[in-house]
Amino acid sequence: PISDAIKIESTMDYPPQWMLVDNGAALPGAGVNSSFYPQLAQYFVDFFTAFETAGVPITFLDCFNEPLETYANMTQAQVADFVKQFMGPTIQKMRN
């Protein structure tokens, strides 16, 4: 395992193409299809759980790298909604 003194930050550049509006037909900038927010939240949990299982705990998790300028194409309000309504509760459920 990694030393507790080392802090790992992870950032996803963009979600899988099938989670984008129209399956990413308008790449780049297709945007995340909000109907897939629950699956995207679980995708994040599965991602960092796999690292933790391998002995590499992720201390900080950014949802998206430059969300307005990548395939995620999400506004600050959309990211806040995703974190508050989907990602946060999914992580909390996993932790309990």
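This write-up is about the structure you can find in this document. (Residues numbered from 1 in each chain as written. Predicted model: local features only at pLDDT ≥ 70, side-chain atom pairs only at ≥ 80, totals over all residues. Heavy atoms only, no water.)

1. Brief notes about the environment of tyrosine 37
Within the secondary structure, tyrosine 37 is located in helix 1 (residues 37-53). The spacing of tyrosine 37 and glutamine 85 is 48 residues in sequence and 8.9 Å in space, taken between C-alpha atoms. Setting aside anything within four residues of it in sequence, one finds tyrosine 37 in contact with Val32, Met74, Gln78, Asp81, Phe82 and Phe86. (Helix = DSSP H or I, 4+ residues; strand = E, 2+ residues; numbered from the N terminus. Contact = heavy atoms within 4.5 Å.)

2. So, helix 2 (residues 76-95)
Considering bend angle alone, the principal kink of helix 2 is centred on valine 83 and spans about 40°. When helix 2 is considered as a whole, its buried residues turn out to be Val79, Phe82, Met87 and Thr90. Buried residues along helix 2 sit against helix 1 and strand 2 (60-62). (Bend = angle between axes of the 7 residues up to and from the residue. Buried < 20%, exposed > 50% of the residue type's maximum accessible area, 1.4 Å probe, protein only.)

3. Quick word on the side chain of serine 10
One can find serine 10 in strand 1 (residues 9-11). The exposure class assigned to serine 10 is buried, which follows from its relative accessible area of 10%. Filtering out sequence-adjacent residues up to four positions away, serine 10 remains in contact with Phe47, Ile58, Phe60, Leu61 and Asp62.

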